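Coordinate inspection notes
For reference, the chains in residue letters:
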Amino acid sequence: MNNLFLKSLFAVVLLALFSASAVAKKAALPETTKDGLHLKHQDKLGAVYTLPGASLSAYERIKLVDVYVAFEKNYQRDYNRDEMGIANRLTDDDMKKIKEKVASEFKRVFTKELEKGGYKVVDETGKDVMILRPAIINLQITAPEIAKMNMSRTIVRSSGSLTLYMELYDSVTSQKFAEVIDAEELGNDAFAHVANQGTNLMALDETLEKWARLLRKRLDEAHKATVKTDGK
């Protein structure tokens, strides 16, 4: 992650936290951002802001910046407060491992979905390269499977929740032309299920796949629109 991204990371996360709260509560969002992006009203995601006139049609390759992951405020403290045994409490190392897993799954799922559509995930920049700068914030896992000694099972309906905040940049000009905010519940089932590493991971992947497919669909639509226009 270069200085362009490091310089504003803290401010971006703060903005995302406030925006995500508004999305989750269905509260009114500003029509424009300080970057000149305009709110695009739609139903698939919580909120999408775009630069007027911006298009995804120029991008064939994607550079995926390392994913920033942050838990919901006081998540570790609140989770441990309700646990009776020390063995079942979340340690700092547990928190680190969970964040690393979420970040690696994000990269794996997005890479798979994008490459399925013919878009290459690369490390370099170029005129046809779009930079994705994602963050997973407000992460909350209902029942992380961390116990070494406890053999009991936890039954849940929801595996947790999280919010995506993602910015899209042109890799040559460093112009931000879109940002996405979407708060989602993880694996909200009609029937209760046993929470474990497998079910938690499945719920996470379902949400990540939804986001990745939506991005791939938007890229496909932009390219098809360009082909149609050029063919007139």
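Not measured: the values here are computed from a predicted model.

**So, the overall build of the protein**
- For the protein, the count of helices and strands is four helices and ten strands.
- Its helices and strands in sequence order give the protein the pattern α-β-β-β-β-α-α-β-β-β-β-β-β-α, from N to C terminus.
- Buried positions account for 44% of the 232 residues belonging to the protein.
- For the protein, restricting intrachain contacts to residue pairs at least 6 apart in sequence, the fraction spanning at least 24 positions comes to 74%.
- Surface exposure of the protein reaches about 13,200 Å², of which carbon and sulfur atoms provide 54%.

**So, the pattern of salt bridges**
- What the rule picks out here adds up to 19 salt bridges.
- Notably, a salt bridge pairs Lys-210 with Asp-182, separated by 3.8 Å at the nearest N-O pair. Here Lys-210, found in helix 4 (residues 197–230), pairs with Asp-182, found in strand 9 (residues 176–186); they are 28 residues apart in sequence, far enough to count as distant.
- Residue class for Asp-182 comes out buried when judged on its relative accessible area of 4%.

**What to know about the environment of Pro-134**
- Inspection of the secondary structure puts Pro-134 in strand 6 (residues 129–141).
- With a relative accessible area of 3%, Pro-134 lands in the buried category.
- Residues contacting Pro-134, with those up to four places away along its chain left out, are Leu-64, Val-65, Asp-66, Val-67, Tyr-68, Phe-106, Tyr-165 and Met-166.

**Quick notes on unusual backbone geometry**
- The residue Asn-74 is not glycine, and still its phi comes out positive at about 65°.
- By the element assignment, Asn-74 lies in the loop between strand 4 (68–71) and helix 2 (75–81).
- One non-glycine residue, Ser-174, lies in the positive phi region at around 60°.
- The topology assignment puts Ser-174 in the loop between strand 8 (160–170) and strand 9.

**Notes on the packing of aromatic side chains**
- What the rule picks out here adds up to four aromatic pairs.
- Relative to Phe-177, the ring of Tyr-59 has its centre 5.5 Å away and its plane inclined at 5°; by these criteria the two rings are stacked. Of this pair, Tyr-59 sits in the loop between strand 2 (47–50) and strand 3 (61–64) while Phe-177 is found in strand 9, placing the two residues 118 residues apart along the sequence.
- When its relative accessible area of 5% is taken as the criterion, Tyr-59 is described as buried.
- Overall, Phe-177 belongs to the buried group, its relative accessible area being 6%.
- Summarising the aromatic geometry, the rings of Tyr-75 and Tyr-79 are spaced 6.1 Å apart at their centres and angled 35° between planes, so their arrangement reads as tilted. Taken together, the residues Tyr-75 and Tyr-79, both in helix 2 and four residues apart, mark about one turn of the helix.
- Looking at Tyr-79, the relative accessible area reads 14%, which means it is buried.
- Here the aromatic cluster, defined as three or more aromatic residues joined through ring pairs, consists of Phe-71, Tyr-75 and Tyr-79.

**Observations concerning helix 3 (residues 92–116)**
- Relative to the 36 Å expected for 25 residues at 1.5 Å per residue, helix 3 spans 36 Å between its end C-alpha atoms, a close match to the ideal helical length.
- Within helix 3, the full set of buried residues consists of Asp-94, Met-95, Ile-98, Val-102, Ala-103, Glu-105, Phe-106, Val-109, Phe-110, Thr-111, Glu-113 and Leu-114.
- With its phi angle positive at about 90°, Gly-118 sits one or two positions after the end of helix 3.

**As for the nonpolar core**
- Judged by nonpolar contacts, the single largest core of 43 residues is most densely connected at Phe-106, Phe-110, Met-130, Leu-132 and Ile-136.
- Counting residues per element, this core draws most heavily on helix 4, at nine residues.
- What Phe-106 contacts, discounting residues up to four positions off in sequence, is Leu-64, Val-67, Pro-134, Ile-136, Leu-164, Met-166 and Leu-208.
- With seven residues, the next largest nonpolar core counts Leu-39, Tyr-49, Tyr-165 and Ile-181 among its residues.

**Points about the side chain of Thr-111**
- Tracing the chain through its elements places Thr-111 in helix 3.
- In this structure, Thr-111 is in contact with Leu-64 and Val-121, ignoring residues within four places of it in sequence.

**Re the confidence of the model for the protein**
- When pLDDT is averaged along the protein, the result is 83; 76% of the residues meet or exceed 70.
- When pLDDT is averaged over each element of the protein, strand 3 comes out on top at 98 and helix 1 (residues 3–24) at the bottom at 51.
- Counted against residues more than four places away or in other chains, residues 1–7, with its pLDDT under 50, gives eight contacts.

What counts, and at which threshold
- Residues numbered from 1 in each chain as written.
- Predicted model: local features only at pLDDT ≥ 70, side-chain atom pairs only at ≥ 80, totals over all residues.
- Heavy atoms only, no water.
- Helix = DSSP H or I, 4+ residues; strand = E, 2+ residues; numbered from the N terminus.
- Buried < 20%, exposed > 50% of the residue type's maximum accessible area, 1.4 Å probe, protein only.
- Contact = heavy atoms within 4.5 Å.
- Areas by Shrake-Rupley, 256 points an atom, 1.4 Å probe, with all protein chains shown as cover.
- Salt bridge = Lys/Arg side-chain N within 4 Å of Asp/Glu carboxyl O.
- Phe/Tyr/Trp six-rings, centres within 6.5 Å; stacked < 30°, edge-to-face > 60°.
- Expected span 1.5 Å × (residues − 1).
- Core = buried A, V, L, I, M, F, W, Y, C linked by side-chain atoms within 4.5 Å.
- pLDDT = per-residue confidence, 0-100.

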